[in-house]
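Below, each chain spelled out in residue letters.
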Amino acid sequence: MTKVNPYKDSNLGKKEQVTKMFDTISGEYDGLNRVISFGIDIKWRKKVVEIIKATHPETVLDIATGTGDLAINLAETSALKITGLDISSGMLDVGKTKIAAKNLDNKIEMIIGDSENMPFEDNAFDAITVAFGVRNFETLAKGLKDILRVLKPGGTFVILETSVPTKFPFKQGYKFHSKIILPTIGKLFSKDKTAYKYLSESASVFPYGEALNNILRNIGFINVKDLPQTFGVATIYTASKQ
């Protein structure tokens, strides 16, 4: 798998670069995200919530929670406790403000932490979600192994991630959007001119479909399935633990 970093001239590792990038764009992230995705990401997150809701979890972990959109949506489930984990304090600060505004402080806890070395005991969560976060892991296998570790046996793991359409004209439209529109919007409106170029490039080289299914199976997940969304622009992956 090709490794893409936010800042090509930086001596920092990918993890540190990703942290710096999201800290920088945290204040603008929600607004630009809605514009760039045309708001479709809201629909995708709702589908993730429906999958989790059907499992009736008590404890849910949302990894790479960012500004907390999915964690807030997960409050609709039966979960008594939702934990949002992210490496960026800037993104978490925005999320905490949103959670407080919705009076969900007693249900959602936002904590800073490394998704590849999480501060949780084994078999701690009934369900785990990651929305647009696994491609930012420095070492994908290490992050997925730690997710498997903290997921309870029989628990549900759901990934929502960008993918690449394979059929005409969606494949061509995706390439135009990711290579032209997304970086241009980033250059015009973002404090970090390279951030949205990185988000585009990292999505284009990240394994998707059966390739990611096989990685999940090799890590030890079972019942692995992929559910393409919006002509393959994104994919929802579901898996479980033996």
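Only a predicted model underlies this, so the values are computations on that prediction, with no experimental measurement involved.

Trainee: Could you clarify how one ought to interpret the overall build of the protein chain in this entry?
Mentor: In terms of regular secondary structure, the protein chain is built from eight helices and seven strands. Relative to the globule expectation of 18 Å for 242 residues, the C-alpha radius of gyration of the protein chain, 17 Å, shows essentially globular dimensions. Structurally, the protein chain occupies a C-alpha span of about 40 × 40 × 35 Å along its principal axes. Long-range pairs, those at least 24 residues apart, make up 71% of the contacts in the protein chain between residues at least 6 apart in sequence. Taken as a whole, the protein chain presents about 11,100 Å² of accessible surface, with 56% of it coming from carbon and sulfur. Averaged over its 32 positive side-chain charges, the protein chain has a centre that lies 6 Å from the centre of its 27 negative ones.

Trainee: It is not clear to me how the pattern of salt bridges should be interpreted in this structure. Could you clarify?
Mentor: Under the definition given, this model contains 18 salt bridges. A salt bridge links D41 to R34; its shortest N-O distance comes to 2.4 Å. Judged by relative accessible area, D41 falls into the buried class, the value being 1%. By relative accessible area, R34 is classed as partly exposed at 24%.

Trainee: Please explain helix α1 (residues 14-37) as it appears in this structure.
Mentor: Compared with an ideal rise of 1.5 Å per residue, which puts 24 residues at 34 Å, α1 spans 25 Å between its outermost C-alpha atoms and falls more than 12% short. When the local axis directions of α1 are compared, the greatest deviation, roughly 75°, occurs at S26. Positive backbone phi, approximately 60°, marks F38, located one or two places after α1.

Trainee: How should the sheet that holds strand β4 (residues 125-131) be read in this particular structure?
Mentor: Backbone hydrogen bonds hold the strands of a sheet together, and the pairing may be parallel or antiparallel. Read across the open sheet, the seven strands follow the order β3-β2-β1-β4-β5-β7-β6; overall the sheet is mixed. The open sheet has two edge strands, β3 (108-112) and β6 (222-229), and neither has a second partner. For this sheet, the mean angle separating the axes of adjacent strands, direction not counted, is 15°. Where strand β2 (residues 81-86) lies against β3, five bridges are found, and the strand directions are parallel. Among the inter-strand pairings, I82 is bridged to a residue of β3, identified as I108. Its contacts with the sheet place helix α8 (residues 210-219) against β5 (151-162), β6 and β7 (234-240), and it is angled at close to 160° to β6.

Trainee: Would you take a moment to explain the environment of V158 for this structure?
Mentor: Tracing the backbone shows V158 in strand β5. Measuring from C-alpha to C-alpha, the distance between V158 and D226 comes to 9.7 Å, with 68 residues separating the pair along the chain. When neighbours within four sequence positions are excluded, V158 is seen to be in contact with V48, I51, I52, I128, T129, V130, I236, Y237 and T238.

Trainee: Just checking my understanding: could you explain the nonpolar core for this structure?
Mentor: Nonpolar side chains tend to gather and get buried jointly when the protein is soluble and globular. Judged by nonpolar contacts, the single largest core of 27 residues is most densely connected at L61, I128, I147, F157, L216 and F221. Ranked by residues supplied to this core, first place goes to helix α5 (residues 140-150) with five residues. Once residues lying within four places of it in the same chain are set aside, the contact partners of L216 are L144, F157, I159, F221, V224 and Y237. If you look at the next biggest cluster of nonpolar residues, it comprises 24 residues, including W44, M110, A127 and F132.

Trainee: Just checking my understanding: could you explain unusual backbone geometry for this structure?
Mentor: Residue H56 is not a glycine yet carries a positive backbone phi of 55°. In this structure, H56 sits in the loop between α2 (40-53) and β1 (59-63). Residue H56 is classed as exposed on the basis of its relative accessible area of 61%. Positive phi is not limited to glycine here, since F231 has a value of about 65°. Residue placement: F231 occurs in the loop between β6 and β7.

Trainee: What is the right way to look at the environment of T97 in this model?
Mentor: Assignment of secondary structure puts T97 in helix α4 (residues 89-101). The spacing of T97 and T67 is 30 residues in sequence and 8.9 Å in space, taken between C-alpha atoms.

Trainee: What is the right way to look at the pairing of β7 in this model?
Mentor: The side chains of a regular strand alternate between both faces of the sheet. Taken across its seven residues, β7 has seven buried, putting it largely inside the fold. What you see with β7 is no split at all: A234, I236, T238 and S240 on one side and T235, Y237 and A239 on the other are buried throughout. By the bridge criterion, seven bridges tie β5 to β7 in an arrangement that is antiparallel. Pairing of L160 across the sheet is with I236, part of β7. Here six bridges tie β6 to β7, and the two strands are oriented antiparallel to one another. Pairing of P228 across the sheet is with T235, part of β7. Counting the residues that bridge the hairpin from β6 to β7 gives four residues, and of these T230 lies at a positive phi of roughly 50°.

Rules and cut-offs
Residues numbered from 1 in each chain as written. Predicted model: local features only at pLDDT ≥ 70, side-chain atom pairs only at ≥ 80, totals over all residues. Heavy atoms only, no water. Helix = DSSP H or I, 4+ residues; strand = E, 2+ residues; numbered from the N terminus. Rg over C-alpha atoms; globule rule 2.2 N^0.38 Å. Contact = heavy atoms within 4.5 Å. Areas by Shrake-Rupley, 256 points an atom, 1.4 Å probe, with all protein chains shown as cover. Lys, Arg positive; Asp, Glu negative; His and termini not counted. Charge placed at Lys NZ, Arg CZ, Asp CG, Glu CD. Salt bridge = Lys/Arg side-chain N within 4 Å of Asp/Glu carboxyl O. Buried < 20%, exposed > 50% of the residue type's maximum accessible area, 1.4 Å probe, protein only. Expected span 1.5 Å × (residues − 1). Bend = angle between axes of the 7 residues up to and from the residue. Pairing = 2+ DSSP bridges. Axes fitted to C-alpha atoms, helices over the stretch in contact; angles between N-to-C directions. Core = buried A, V, L, I, M, F, W, Y, C linked by side-chain atoms within 4.5 Å.

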